[in-house]
Amino acid sequence: MQSDQATETEVLEAAKGCPIHQINPMHPALLKQPWGMNRRLREEAPIFKDEASGIYFVSRYEDVVKMAMDHQTFSSVMLNPTRALAATSDDEIKEVLASGYPNVPTMLTQDPPLQRRYRKFVDNAFSPASLKALEPFIEATANDLIDAFIDRGECEFLSEFGVPLPLRVIVNQLGAPVEDLHLFRRWTEAAIRNLSGQLDRDGLLQAARETVEFQHYFVERIEERRNAPQDDILSKVVNASIDGEQPLSHPEALSMLQQILVAGNETTSSSLTEGIWLLIQNPDQYELLKKDPSPQMISNLVEEVLRISSPSSNMFRRAVEEVEWHGVTIPKDAILFARFASANQDGAQFPNPEKFDLTRPNLKEQVAFGKGVHHCLGAALSRREMNIGFKILLERVENFRLADGASEPEFAANALLHGLTRLDVAFDRVQ
Ligand code: HEM
C-alpha cells in the first residue's frame, strides 16, 4: 500500500485500516497529516520499526519522556550522521564543504558531559534577565509587522508575521543588520531542507554552498564581537569563558549558532501561525480568549498551541545498547525517533487530545520543548515571543478568518519539523 501513484487521500484512507506493519510513516501524506497514524501507533505498536529507514518510532507520552530522560541509554550522538550533507560521498559536495569549517557535535548532537559544557556557554545569553531585556524589541517588532498589513484587512500570516517575528529577534541578537534578514531566511531554509531527507543531488550541492556561506559570514561576526562586544546573544556566547577554559573555537561556535538559528526560527514561526489557524477553527476558544485576554489565558493559549502544533515533531536518538521494549528488540546503535508531537496527542496524558482546550488542567505537561538534558535552550525566548505576539495581535486585530477564496492551509512534508506552508487570513481591526 501507499505506492507513489496513490493520492494523498488514498494513502490516508489506507493507513486507517491496513495491518499496522504496512504503514509507511515517511510517506509525504502521513508526514503532513500524521494524527490518525499516530493514534494507531500509540495503541497498536508503541515501538514501531519503519523498515524502509530502519528507524524505531517511539510514540507514547510516557515512553517519549522516559527516553528523553535517559541519555545514558538513548544518545544524541549519531555514529553515521543521518543528516544528508554530513553523510554524502559526492566529491563536488565534499569539496564545497571542505572550503568551510568542520561540523562539530555540540548541544543538540552531543551527550553529557560535553553537552552540558556547551550549554554553559549559552546559559548567560538565555538567562531570564537577558530575555527580559529583549521584551521591548519583541513588542516593537510585533507592532511594526502588524502596522504593515492591518490596513489591507488580510495577510499571508506565515510570511508576514509568523516568520519575521522570531527571525528579526534572532538576527538582531546574532549581531547582524536587518538588511541581512533575507540571508538568514535562506540559510534557515537550506538547513531545514537538509534535515527533510528529501533532497536530490543538486539540492544537496546547493545546501552545502549555503552552509559554507553561512559559516564564512558568521566567522566575520564572531571576530567583530570578540574585538568589540555588544549587548547581544552573539557577544555573550563567543566571549563566555567557562571554568577558566578557552572560549569556543570557530567550528564549535558555528555549530552552536547554526542550531540556534535553525531551532529558533522555523519552530516558533510554525507555532505562531498554527495558533491563529487553531483559533479560526475553534470559535468557542477564540470567544473565551476575547472575553478574558488576561496574561494567564494568553499563557494557556501558548501552551495549548505548543501542545497541538509541536513543531519539533520527531528527534533522533541512538540506542547505546540492545533494548527490549514493549516486546520489540531494539539493537545496539539503532536509530529511534522521540516523537514529541505524538506524545502531546496521547489521550492517556491529555484526555480528548484532539480538542483545542485553553482550560486543560495539565497544559504545562506538554513536551513540545522536549524533556531532560536537551530541554530546549530557547523555550523561554519562544514563550516570550508567543505571549507577546498573541497579546498584541488580540489587542489590535479581531475576527481572524480564512481569506475569501483561500483554500484550507496545508502542512509541509518533513520528518522532523511540522508546520503550515502558508495561511491566508482576513480580519477586522479592533476599534
Ligand atoms: C516553538 C518553539 C520551539 C520548539 C517547539 C522547540 C523544540 C525543541 C525540542 C523538542 C528540543 C529538544 C531536542 C532533543 O531532545 O533532542 C529543543 C532543543 C533545542 N532548542 Fe528548541 N524549540 C523551539 C524554539 C527554540 C528557540 C527560539 C531556540 C533558540 C533561540 C531554540 C534552540 C534550541 C537548542 C539550541 C536546542 C538544543 C539544546 C540541547 O540539546 O542542549 N529552540 N528544542
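Residues numbered from 1 in each chain as written. Predicted model: local features only at pLDDT ≥ 70, side-chain atom pairs only at ≥ 80, totals over all residues. Heavy atoms only, no water.

*Asks:* Could you clarify how one ought to interpret the pattern of salt bridges in this entry?
*Replies:* Proximity of charged atoms lets side chains of opposite charge pair with each other. Applying the stated rule across the entire model yields 35 salt bridges. The closest approach of N and O atoms between Lys 355 and Asp 284, which form a salt bridge, is 3.4 Å. Here Lys 355 is found in the loop between helix H17 (340-344) and helix H18 (379-396), whereas its partner Asp 284 is found in helix H15 (residues 283-291), with 71 residues between them in sequence. Given a relative accessible area of 31%, Lys 355 falls into the partly exposed group. The class for Asp 284 is partly exposed, based on a relative accessible area of 42%. The partner of Asp 428 in a salt bridge is Arg 401, with the nearest N and O atoms 3.5 Å apart. (Salt bridge = Lys/Arg side-chain N within 4 Å of Asp/Glu carboxyl O. Helix = DSSP H or I, 4+ residues; strand = E, 2+ residues; numbered from the N terminus. Buried < 20%, exposed > 50% of the residue type's maximum accessible area, 1.4 Å probe, protein only.)

*Asks:* Would you explain the side chain of Arg 42 in this entry?
*Replies:* Inspection of the secondary structure assignment puts Arg 42 in helix H3 (residues 35-44). There is no salt bridge for the buried Arg 42, and the closest opposite charge comes from Asp 346, which lies 4.2 Å off by N-O distance. At 3.1 Å, the side chain of Arg 42 and the side chain of Ser 342 are in polar contact. Apart from residues no more than four positions distant in its own chain, Arg 42 is found in contact with Ser 59, Arg 60, Ser 342, Gln 345 and Asp 346. (Lys, Arg positive; Asp, Glu negative; His and termini not counted. Polar contact = N/O pair within 3.5 Å; in protein donor to acceptor, adjacent residues only side chain to side chain. Contact = heavy atoms within 4.5 Å.)

*Asks:* In this structure, what is going on with the sheet that holds strand S10 (residues 424-429)? I would like to understand it.
*Replies:* Through backbone hydrogen bonds, the strands of a sheet pair up, either in parallel or in antiparallel fashion. Taken in spatial order, the 3 strands line up as S4-S10-S9 in an open sheet, and their pairing is antiparallel. Two strands close off the open sheet at either side, each with one partner strand: strand S4 (154-156) and strand S9 (397-402). Adjacent strand axes in the sheet meet at a mean angle of 30°, parallel and antiparallel pairs treated alike. Sheet topology note: the S9/S10 ladder contains 4 bridges and is antiparallel. The residue of S10 that forms the bridge with Leu 402 is Val 425. Helix H14 (residues 250-281) contacts S9 and S10 of the sheet and is inclined by roughly 85° relative to S9. (Pairing = 2+ DSSP bridges. Axes fitted to C-alpha atoms, helices over the stretch in contact; angles between N-to-C directions.)

*Asks:* Teacher, can you tell me more about the packing of helix H10 (residues 164-173) against H14 here?
*Replies:* Packed helices, taken two at a time, are described by the angle between their axes plus the distance between the axes. H14 packs onto H10 with a crossing angle of 155° between their chain directions and a minimal axis gap of 8 Å. One way to sum up the angle between H10 and H14 is to call them roughly antiparallel. Viewed along their axes, H10 and H14 form a crossing whose handedness is right-handed. Of the residues in H14, those touching H10 at Leu 165, Pro 166, Leu 167 and Ile 170 are Ile 260, Leu 261, Gly 264, Asn 265, Thr 268, Ser 269 and Leu 272. (Parallel < 35°, antiparallel > 145°, perpendicular 65-115°, else oblique. Left-handed = near helix turned anticlockwise from the far one by under 90°.)

*Asks:* Can you walk me through the nonpolar core in this structure?
*Replies:* Across soluble globular proteins, nonpolar side chains have a tendency to be buried as a group. Judged by nonpolar contacts, the single largest core of 83 residues is most densely connected at Phe 157, Phe 161, Phe 184 and Phe 400. Listed in part, the 24 residues of the second largest apolar core include Val 11, Ile 20, Ile 23 and Ala 191. (Core = buried A, V, L, I, M, F, W, Y, C linked by side-chain atoms within 4.5 Å.)

*Asks:* Whenever I open this one, the site of the ligand confuses me. Can you help?
*Replies:* Surveying the vicinity of the ligand reveals 27 residues, the closest of which are Gln 115, Arg 119, Arg 317, His 374 and Cys 376. At a separation of 2.8 Å, an oxygen atom of the ligand approaches a polar side-chain atom of Arg 119. One of the side-chain nitrogen or oxygen atoms of Arg 317 is found 2.7 Å away from an oxygen atom of the ligand. Elements with a minimum of two residues in the shell around the ligand: helix H6 (114-123), H14, strand S5 (315-319) and H18. By residue number, the principal contributor to the shell around the ligand is H14, which donates 6 residues. For the shell around the ligand, the per-class residue count stands at 15 nonpolar, 10 polar and 2 charged. (Near = heavy atom within 4 Å. Nonpolar A, V, L, I, M, F, W, Y, C, P; charged D, E, K, R; others polar.)

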